[in-house]
Amino acid sequence: MKNYILMLGVAGVALGSYAAYAGNSATMTVTATIAHETNIRNISNIDIGTITIDPSERGGFALESNCAWDDIGGEGNGIKSISGSPCGYFTADFSGDYLCGEAFSVTPDSADWNNVHFNFGLTDTDTSGRCRVWTELYYNDSVPAQDTYNGSLTIDYKL
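Below or above, wherever it landed, is the structure these notes cover. (Residues numbered from 1 in each chain as written. Predicted model: local features only at pLDDT ≥ 70, side-chain atom pairs only at ≥ 80, totals over all residues. Heavy atoms only, no water.)

## Notes on the nonpolar core
Okay, so step 1: In terms of nonpolar packing, the biggest core is built from 21 residues, with Phe90, Phe94, Phe104 and Leu137 touching the most fellow members.
Okay, so step 2: Counting residues per element, the ones that place at least two in this core are strand E7 (79-82), helix H1 (100-103), strand E9 (104-107), strand E11 (116-122) and strand E12 (130-140).
Okay, so step 3: In this structure phenylalanine 104 touches Ile40, Phe90, Ala92, Phe94, Leu122, Cys131, Ile155, Asp156, Tyr157 and Lys158, once residues within four positions along its chain are discounted. (Core = buried A, V, L, I, M, F, W, Y, C linked by side-chain atoms within 4.5 Å. Buried < 20%, exposed > 50% of the residue type's maximum accessible area, 1.4 Å probe, protein only. Helix = DSSP H or I, 4+ residues; strand = E, 2+ residues; numbered from the N terminus. Contact = heavy atoms within 4.5 Å.)

## Observations concerning the pattern of salt bridges
Okay, so step 1: Considering all chains together, one arrives at two salt bridges under this definition.
Okay, so step 2: Glutamate 64 serves as the salt-bridge partner of arginine 132, at 2.2 Å between the closest nitrogen and oxygen. Of the two residues, arginine 132 sits in strand E12 while glutamate 64 sits in strand E5 (residues 59-65), which places them 68 residues apart along the sequence. Of the two residues, arginine 132 and glutamate 64, both sit in the buried class. (Salt bridge = Lys/Arg side-chain N within 4 Å of Asp/Glu carboxyl O.)

## Describing the state of the cysteines
Okay, so step 1: For the structure shown, the criterion picks out two disulfides.
Okay, so step 2: Between cysteine 67 and cysteine 87 runs a disulfide, and the two sulfur atoms are separated by 2.5 Å. With cysteine 67 in the loop between E5 and strand E6 (68-70) and cysteine 87 in strand E8 (residues 87-91), this residue pair connects regions lying 20 residues apart in the sequence.
Okay, so step 3: By relative accessible area, cysteine 67 is classed as partly exposed at 22%.
Okay, so step 4: Given the relative accessible area of 5%, cysteine 87 is considered buried.
Okay, so step 5: When the cysteines of the protein that form disulfides are numbered from the N-terminus onward, they connect as 1-2, 3-4. (Disulfide = S-S within 2.5 Å.)

## A closer look at unusual backbone geometry
Okay, so step 1: Residue threonine 107 is joined to proline 108 through a cis peptide bond whose omega torsion reads -5 degrees.
Okay, so step 2: Phi is positive for asparagine 42, close to 50 degrees, though the residue is something other than glycine.
Okay, so step 3: Considering the arrangement of structural elements, one finds asparagine 42 in strand E3 (residues 41-44).
Okay, so step 4: Positive phi, close to 65 degrees, is recorded for aspartate 141, a residue that is not glycine.

Encoded structure:
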């Protein structure tokens, strides 16, 4: 990223006499702050949709793979289908020396709700500043009740 903001603050020094002597001294403080302009924008929310489970199974999981659900509906997996996507996107300007997963963090990185555990993360790749946020989920030993989960994630620039 090429946009940097550099601010210098310099305190002025005034001498209180008309004559300056070689022994006079003063201290000057210099302060500089560098801020990165990241401009997170074009946010696409994660819409997991409807998760259909088989209540006769005591556990289930769904893993994200290239922005698609993987391992759904197999033997012993109580999750039979998911209508939506495990991914969301945002774009941002940041240094080309870093990947999305290095430059940004997602909070929270996990959540527990209604016997379901969610994991959230950022992909380590980017395409022209487009970053992907992914979701994986599972439950064990207790079938989730019918309900609707609404949550939010915060994306922060961490470099």
